[in-house]
Structures are given as structure tokens and as C-alpha cells.
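# A look at the structure
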Amino acid sequence: MGSEAVESILETLSYSVSGFLLQGALAALEIAVIAIAAGVVLGLGLALMRLSTFKPASAFAWFYIWFMRGTPVLLQLVFLYDALPPMGLKLDSFTTAVLGFTLNEAAFCAEIIRGGIISVDRRQTVAAAALGMARFLTLRRIILPQAMRAILPALANQSISVIKGTAVASVIFVNELTFRSQQIVGQNFKFFTVFAAAGLIYLVMTSAVAALQRYLEQRFNPEIERKRVATPVPDEEPEAMDWRTLIDAKAPTAGQDSAFVVCRDVHKSYGPREILRGIDLSVGRGEVVVIMGPSGSGKSTLLRLINHLEHVDGGEIVVDGKHVGYESHTDGRLEPVRNLAKARADARIGMVFQSFNLFEHLSALENVVEAPVQVYGQTEAEARSRGVRLLSAVGLGRHIDHLPHRLSGGQQQRVAIARALAVSPKLMLFDEPTSALDPELVGEVLTAIRHMAEAGMTMIVVTHEVRFAREVADRIVFMDEGQIVEQGTPEEVLDRPRQERTQRFLRLIERPATR
Ligand code: ADP
Ligand code: MG
């Protein structure tokens, strides 16, 4: 290497540690850090507004993002610099740059955060709602931690481009890095060495962002083995296990009106389609009702209405003497309550879904402990000890620390059952709990449900497992096209169905299409 080259490299290095350029770098960094930090906060607000069902809020957020993203930040800075002073707001050029970049970043961050939020499966929200979790609690504990995986790389890109983009602030005379490099070059014409030094400084700053990105990505990566591993516990002996102590179900008291769930003339439509067309159903305390019926007949919709995950269009649903999600006025009218999450939590209705819907970023035990601690205010220790007992009761004592994706479908569904039981439900709803499982895993889930039935839990189970229904159900309800076609004891409905539609359906499920 020629001595000239060595000399320029040394010169570049000496420029890159010169106080003059480093002060410029500091200005650039300050603008970028404040703009990103404030931009993330404002962006979260804008993202939530855009996702809101409140039209004016989402329209405002849409307009803001459209405008700020669609015009150059250079013009925005010049505009602020020239427009604010006549309006009586005198800011120095550095503050103006911070303000301008913040307002601009908010728009980009909003879209990055919104992208992260909508990348999380909607069923996670439904599962949280079924546990009585309120909207912001769900956002903070369930959605954002999972959204982080999508948000972080995009946000790192954005931060890096802001650090470099602060060079634009020179138009309003902010004395930042690029501006200062140009000043030196203007005097000594050493383009190469001075700009190389500036480039080197930018590279150091953006590398710091990349390092931070790496650290945060690992922190929010649930797949990285956890440090605090809870001690696995032996599963309780099924014989010794007293489910009655786990599920504090109350046996029907004599003389008491024992109807626990009452649906009267329930109607529900999605758009022009009427999905439920006048459902009358009552379920006694401690009773196990199995609902069967073809796909699309409204079984899941009925369960969602009972747990008030959706509004009832007509008729009424009473659970344990209360209209979940509604309050009656003095004139007898029913009005939806304001705090729906609290109404759901108070109703203590457990729900288990076909697709398990475990919180993917939480271990089995953390899934079970979440609602008792966050919704019902139990202490962590209380909730964990009960959680461990529940998990070992469903045969998962050795898996309490595993993330859902490490468990088989049958194991995941048993965690989901333990999670639902953790809040001491008075009523359990199962929506095809075994339909997503391989045949050899169905039994382990049905066994857990059978134990609960024997312990006196009131349950509504949507399932097509005929043998299970025969053993466990007190009553079978057959639904078709949004109506109850017939109901009765398992013998009545399964062996002597009166309706042609029931007969046809039973022939189909008992003799699966094998030919
Ligand atoms: P089942 O559980 O008996 O298979 P569902 O209650 O899931 O039936 O659905 C009944 C009908 O309602 C289906 O035709 C389905 O397409 C429709 N449906 C369910 N949920 C919605 C929704 N959120 N929006 C529009 N249509 C829906
Ligand atoms: Mg369904």
C-alpha cells in the first residue's frame, strides 16, 4: 500500500474522532432518538385509532398517515420552520427538526405497529376475551408481545433510515453531521477523507441500532429456551385425583330452580343471513348437554352468544340468573353494559376452542396463570400453585414450562382445559374440542372432559364423538340451519331419532365416507 493511501486512511480516522464531526453526530443522534421514541408512542396511538371501529378516529389516522408519508420530510421541515414563527411559536432550528421528524416518524411507526398487531392471529384476542381480559390488557399482555417479532425488524430499518435522514435537517440550518462535513470540505476540498469519516461515524451509529435490534429480537423470541425453568411435577394419579376439589362445582340444591342456562327465542344474523332462528334451550345445574349438527348450523355462534363474545340480536340468554353483558333498566329494557370484559369475567364461563388458541408466547403454566393474576387479582404464588395442580390433573405435570408449539395437539387442548378451569368457571363451553386432533389424541382430551362431568360441572359440549356423547351426555340437542330440530336423552336421539334430518346426519357421521 502506498504511503499516500495510508496517509488518507489516517486522516479519515482522525476526522472521524474530531470534536467538530462528533458534535454533529451527537446532534443527528439526538434528533433520531427523540423522533423514534416519540414516534413509537404517537404511532401506537395512531395504529390503534386506525384499527378502531370508531369511524372518525380511523379516518383521522388514515388521513394523517397518508399525508405525512406522502410528502417529503424536507418540505415538512421547511414548512414548520417558516410557518410556526408567524403563528407566534418560536422554536430554534434543532427543536423544529425534532418536532418535524417526530411527526413524520409517527406515521411510519403507526403502520409498522399496525402491521405487527394484525399479524397476530385474531383467535388470540377471542381466547383472551373468553377469559374476561379487557381490551388494553389483551393488547399489552397478549398481542403486543407477539407482534414484536414482526415490529422489531421493520422498526430497526426505520430507525436506521432516520439516523441517516437527519442530514436533511441541514436545510433548516441544524448543525448536524453531514452539514458539518460539508463545511470542512468547503474549506479544504478533501472530499474523500472527510466524507469517508462522516460515513464511518454513521456506520458506528447504525451498528448500535443493529445490536439493539438483535438484543430485543432475542428477548421477544419465545422459542429461545427460558432461563427460569419451573420444576416439573409428577402427574397426580388419576384414581387419587379428586376433581371435585379442583372445580368447585355445586351440586343442584333441592327446591332451587335448577335451570342454569336459559336461552329464549335467540336470534342472530350476520348481515342479511339469519344464522340462529329462534333457539330455546335450557341447561340445568350440573347437566351435560351435547350439541350436534351439520357444519354451519350455528353451533359455534350459539356458544359465542352464551359467553357474550357477540351481541344477541333478539331474544335473551340468562346464565345463573343474569344476562351476561346486559343490564335491565327500570322499565325492563335490556341495555348492553359498558364494561363487557368485567361482565364476562364476573360470569365465570370457561370456553375451550377447536383450535386450542393457547397464547403462543407463554408457557403452559403461564397460559394457565394469566387470567387468574391479571383479571381476578390472585397473587402469582396462589395462581401458580393452583395452575400446577390443574396441569398435573390433566396429565401435563412434566410440561408446565413448555411453549404451546412444543406440545402435541392433545396436550395443547389439555392446557386449554386447565386454563379455562383456572378461573373456577361455573359453566364450561366446549366447541368441537377434539375435531382438530389426530384420532389417537382424542381420548386424552375426552377423558379430561369426562372427569369434569363426573365432578358435577355444568357443560355444553359441541362434539360429533358419538360414543363420548352416549357415555357423558345427559341430553343431546340436534341443531340444523339455526334451529333445534330435536333433543332428548342419548338413547332417544342417537338410537331412535324422530326427525329425518337427524337420521341423515347420524348416518353420515357414524359411517364416515370410506369407499
Ligand atoms: P357451526 O359451528 O355449526 O359450524 P357457525 O356458528 O360457526 O356454525 O356458523 C354458522 C354460519 O354463520 C356459517 O355459515 C358461518 O359462515 C356464519 N358465520 C359465523 N361467524 C360469522 C361472522 N363473524 N361473520 C359472518 N358470518 C359468520
Ligand atoms: Mg363450529
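Before reading further, recall that the structure is shown in the block above.
Report follows, based on the coordinates.

Calculation notes
Residues numbered from 1 in each chain as written. Chains lettered and ligands numbered in written order. Predicted model: local features only at pLDDT ≥ 70, side-chain atom pairs only at ≥ 80, totals over all residues. Heavy atoms only, no water. Near = heavy atom within 4 Å. Polar contact = N/O pair within 3.5 Å; in protein donor to acceptor, adjacent residues only side chain to side chain. Helix = DSSP H or I, 4+ residues; strand = E, 2+ residues; numbered from the N terminus. Contact = heavy atoms within 4.5 Å. Phe/Tyr/Trp six-rings, centres within 6.5 Å; stacked < 30°, edge-to-face > 60°. Buried < 20%, exposed > 50% of the residue type's maximum accessible area, 1.4 Å probe, protein only. Salt bridge = Lys/Arg side-chain N within 4 Å of Asp/Glu carboxyl O. Pairing = 2+ DSSP bridges. Axes fitted to C-alpha atoms, helices over the stretch in contact; angles between N-to-C directions.

Before going further, it helps to spend a moment on the site of ligand 1. Around ligand 1 sit Y270, R273, I275, P294, S295, G296, S297, G298, K299, S300, T301 and R304, and that is every residue in its neighbourhood. Between ligand 1 and G296 there is a distance of 2.7 Å, counted from an oxygen atom to a backbone nitrogen or oxygen. A distance of 3.0 Å is found between an oxygen atom of ligand 1 and a backbone nitrogen or oxygen belonging to G298. Residue assignment for the shell around ligand 1 shows that the elements contributing at least two residues are β2 (273-284) and α11 (299-306). Broken down by element, the shell around ligand 1 gets its largest block of residues, four residues, from α11.

What follows deals with the environment of L99. Among the structural elements, L99 can be located in helix α5 (residues 93-118). Sequence-distant contacts of L99, defined by excluding residues within four places in its chain, comprise L80, L84 and L91.

By the definition in use, this model includes six aromatic pairs. For the ring pair F63 and W66, a centre distance of 5.6 Å and an interplane angle of 45° mean the geometry is tilted. Placement of the pair is F63 and W66 together in helix α3 (residues 55-70), with a separation of three residues, close to one helical turn. Given the relative accessible area of 46%, F63 is considered partly exposed. Classification of W66 by relative accessible area gives partly exposed; the value is 49%. Each ring, one from F478 and one from F505, has its centre 5.4 Å from the other, and the planes form 50°; the classification is tilted. Highlighted residues: F478 in strand β10 (residues 475-480) and F505 in helix α19 (residues 500-510), separated in sequence by 27 residues.

The next thing to look at is the pattern of salt bridges. Applying the stated criterion across every chain, the model contains 20 salt bridges. Across the salt bridge formed by R50 and E111, the nearest N and O atoms sit 3.3 Å from each other. Here R50 is found in helix α2 (residues 19-51), whereas its partner E111 is found in helix α5, with 61 residues between them in sequence. A relative accessible area of 26% means that R50 is categorised as partly exposed.

Further remarks concern the side chain of N104. Note on placement: N104 falls in helix α5. The buried category is assigned to N104, whose relative accessible area is 7%. Separated by 2.9 Å, the side chains of N104 and Q76 make a polar contact. With sequence-adjacent residues up to four places away left out, N104 is seen in contact with M68, T71, V73 and Q76.

Moving on to the sheet that holds strand β3 (residues 288-292). As summarised here, the arrangement of the six strands in space is β7-β8-β9-β3-β10-β11, forming an open sheet in which the pairing is mixed. Of all strands in the sheet, those with a lone pairing partner are β7 (349-352) and β11 (483-488), marking the two edges. Taken over all neighbouring pairs, the strand axes of this sheet differ in orientation by 20° on average, direction set aside. Direction of pairing for β7 relative to strand β8 (residues 427-431): parallel, over a ladder of four bridges. The residue of β8 that forms the bridge with M351 is L429. Here α11 sits on the sheet and contacts β3, β7, β8, β9 (458-462) and β10; the angle it forms with β8, its principal contact strand, is near 155°.

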